[in-house]
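# Observations on chain architecture
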Amino acid sequence: SMEIILHELYQLGGKRFLRVGTAGSLQEQYMTVGDIVNAQAAVRDERTTVHYAPLSIPAVASLEMIEAINKTAAEHNMQKIVYTGVVHCKSSFYAREFYAGPRVKDNEEYMHLLIDNGVLASEMETSALFIQTQLYHHQMKQQGQGPAFKVLSGAILGIGAIPPNIFMTTEQEEQLTKDIIKLALNTIKTLAASERDAN
């Protein structure tokens, strides 16, 4: 879905993309339900993006978007609940994160390896978002487009669960929804202001 929507929005002229959604925490010692992740990059544990680029090419958010999210979080006193770092992007929700199916041992070992390497959270969309926008940005540069036509992307992910058995309450879900929407809308304002000042 991300691949299709992103491609079509770009073809219609979209140049700034900010994913707002949820993820499961992989670092329960310090990151819990209600916290927010500013995704810096994604582990490409999915198969959509291999049709665009080999797995050796990293999926990375735009620096401008990462900085705008962090600046906005600080301005709105949200910096204590916003964590910037790498997230895990997967193809299978239940097998990878909730250990369904016959490959339980393999999936548990893989997810624990991510945890031990400091990956913050797990979700399902950022790889396509980052790889495609990196590609679109490169294509525009090849075509000689000016700096105003750069393609930027980022992701704001609310922590809605600590898999496999801790989930947010209805009240926590309502608060988290308000927080990520507030952060996203103000991030766009921050980004627009910084781009205006640069031009």
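Placed above this text is the structure.
What counts as what
- Residues numbered from 1 in each chain as written.
- Predicted model: local features only at pLDDT ≥ 70, side-chain atom pairs only at ≥ 80, totals over all residues.
- Heavy atoms only, no water.
- Helix = DSSP H or I, 4+ residues; strand = E, 2+ residues; numbered from the N terminus.
- Buried < 20%, exposed > 50% of the residue type's maximum accessible area, 1.4 Å probe, protein only.
- Polar contact = N/O pair within 3.5 Å; in protein donor to acceptor, adjacent residues only side chain to side chain.
- Contact = heavy atoms within 4.5 Å.
- Salt bridge = Lys/Arg side-chain N within 4 Å of Asp/Glu carboxyl O.

## A few points about the side chain of serine 153
- Assignment of secondary structure puts serine 153 in strand β6 (residues 152-162).
- Overall, serine 153 belongs to the buried group, its relative accessible area being 0%.
- Among the polar contacts made by the side chain of serine 153, one reaches the side chain of threonine 133 at a distance of 2.7 Å.
- Apart from residues no more than four positions distant in its own chain, serine 153 is found in contact with Phe17, Ala61, Ser62, Met65, Leu129, Phe130 and Thr133.

## As for the pattern of salt bridges
- One pass over the full model with this rule turns up seven salt bridges.
- One salt bridge in this structure joins glutamate 125 and arginine 19, with 2.8 Å as the shortest N-O distance. Note that glutamate 125 is positioned in the loop between β5 (121-123) and α5 (126-142) and arginine 19 in strand β1 (residues 16-25), a separation of 106 residues in sequence.
- Among the residues examined, glutamate 125 registers a relative accessible area of 27% and is labelled partly exposed.
- Judged by its relative accessible area of 12%, arginine 19 is buried.
- The network of salt bridges with shared partners includes Arg19, Glu123 and Glu125.

## As for the environment of valine 60
- Within the fold, valine 60 resides in strand β3 (residues 59-60).
- Under the relative-accessibility criterion, valine 60 is labelled partly exposed at 34%.
- On a C-alpha basis, the gap between valine 60 and threonine 133 in space is 9.3 Å, while along the polypeptide they are 73 residues apart.
- Setting aside residues up to four positions removed in sequence, valine 60 forms contacts with Gln40, Ala41, Phe130 and Gln134.

## Digging into unusual backbone geometry
- Residue proline 164 is reached from proline 163 by a cis peptide bond, and omega for that bond is 10°.
- With respect to the helices and strands, proline 164 occurs in the loop between β6 and β7 (166-167).
- At asparagine 77, a residue that is not glycine, the phi angle is positive and equals roughly 55°.
- Topologically, asparagine 77 is positioned in the loop between α2 (63-75) and β4 (82-90).
- Among the residues examined, asparagine 77 registers a relative accessible area of 68% and is labelled exposed.

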